[in-house]
Structure formats: structure tokens, C-alpha cells
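# Fold and contact review
Here's the letter readout for the chains.
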Amino acid sequence: TEFIDGLNTPQPACFAGYCDWRLPTEAELKTLYNPALPSCPSKAPCIDPVFGAAPGNPYFVSSTSSSDPAEAGYVVFTDGQTYSSSKLNLGSFLAVRGGP
């Protein structure tokens, strides 16, 4: 939550002039998975390089694990699958604006 809080803190105008940043849902994040990319999956993750993904990096989603509230879901772009891990583990984040 510190990551999102930092984006939404007026300094003077939040991040990029917007104060409605949040973590994406699992469904939103999975729309970025693209196994049709020429380098996927042998050399790079299956996500457009504009997002700065590194092979194997998990990207956390907004949902908490249904089996353990201390865990959060994340998507890995080398296989497009969702897993869960302790919320204390450091991972990568992609912020999106607005709600669903």
C-alpha cells in the first residue's frame, strides 16, 4: 500500500497529475499477457517491453488470497498464471488509474 499511497499523495499533484492510482485486478493484469510476442517465452516475458517487465518478475494484483488473508495474488508474465505469496514479499507493481 505504500507504493500506491506514494502515487496518490499530493506532491503537489500526485503522480503525473492524477491521484486515483490503484493496483490492477487479476483480470486487468492478465490482459497484458501476450504469448504471441516474438520473444515469448524463450527470451523475455510475454508482456510488451513498454511496461519494463523483467523475466520472472511477479506483478501483484489488488486481491487478497481467499485461503490466507496474509497473502496477495500476483501474475507472472513468463506463463500468464496467477499465484499467491505473502504480502510481505517484495515484488513488482503496475499501477492503473480509476476504478473498476
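Keep in mind it's a predicted model, so treat the numbers as computed, not measured.

Calculation criteria
Residues numbered from 1 in each chain as written. Predicted model: local features only at pLDDT ≥ 70, side-chain atom pairs only at ≥ 80, totals over all residues. Heavy atoms only, no water. Helix = DSSP H or I, 4+ residues; strand = E, 2+ residues; numbered from the N terminus. Buried < 20%, exposed > 50% of the residue type's maximum accessible area, 1.4 Å probe, protein only. Polar contact = N/O pair within 3.5 Å; in protein donor to acceptor, adjacent residues only side chain to side chain. pLDDT = per-residue confidence, 0-100. Phe/Tyr/Trp six-rings, centres within 6.5 Å; stacked < 30°, edge-to-face > 60°. Lys NZ or Arg CZ within 6 Å of the ring centre and 35° of its normal. Disulfide = S-S within 2.5 Å. Contact = heavy atoms within 4.5 Å. Pairing = 2+ DSSP bridges. Axes fitted to C-alpha atoms, helices over the stretch in contact; angles between N-to-C directions.

### Concerning the side chain of Arg22
The residue Arg22 is located in strand β1 (residues 21-22) in this model. Take Arg22: its relative accessible area is 16%, and that puts it in the buried class. Here Glu28 takes part through its side chain, which lies 2.8 Å from a polar atom of the side chain of Arg22.

### A word on the confidence of the model for the chain
Low pLDDT marks regions whose predicted coordinates should not be analysed in detail. Chain-level pLDDT for the chain is 81 on average; 90% of the residues reach the 70-or-more range. By mean pLDDT, strand β2 (residues 58-64) is the weakest element of the chain at 82, and β1 is the strongest at 92.

### Re the packing of aromatic side chains
Counted by the stated rule, this structure contains six aromatic pairs. A ring pair is formed by Phe15 and Trp21, whose centres lie 5.5 Å apart and whose planes are at 65°; its orientation type is edge-to-face. On the basis of relative accessibility, which here comes to 44%, the residue Phe15 falls in the partly exposed class. In this structure an aromatic cluster arises from ring pairing among Phe3, Phe60, Tyr74, Tyr83 and Phe93. Looking at Arg97, its charged tip hangs above the ring of Tyr18, at a distance of 3.5 Å from the centre.

### Details of the state of the cysteines
The full count for this structure, using the stated rule, is two disulfides. Disulfide partner of Cys14: Cys19, at an S-S distance of 1.8 Å. Since a negative S-S torsion denotes a left-handed disulfide, the Cys14-Cys19 link at about 100° is right-handed. Between Cys40 and Cys46 runs a disulfide, and the two sulfur atoms are separated by 1.7 Å. A torsion of 60° about the S-S bond marks the disulfide between Cys40 and Cys46 as right-handed. Regarding the disulfides, the chain carries the connectivity 1-2, 3-4 under sequence-order numbering of its bonded cysteines.

### Some details on the environment of Phe77
When you line up the elements, Phe77 lands in the loop between β3 (71-76) and β4 (81-86). Along the sequence, Phe77 and Cys46 sit 31 residues apart, while their C-alpha atoms lie 5.3 Å from each other. In contact with Phe77, other than residues within four places in its own chain, are Leu29, Leu32, Tyr33, Pro45, Cys46, Ile47, Asn57 and Tyr59.

### Notes on the sheet that holds β3
Here three strands make up an open sheet; going across it, the order is β2-β3-β4 and the pairing antiparallel. Edge positions in the sheet fall to β2 and β4, since each has one partner strand and no second. Across the sheet, the axes of successive neighbouring strands diverge by a mean angle of 40°, strand direction being ignored. With four bridges connecting them, β2 and β3 associate as antiparallel partners. Each residue of the ladder has a partner; that of Phe60, found in β3, is Tyr74.

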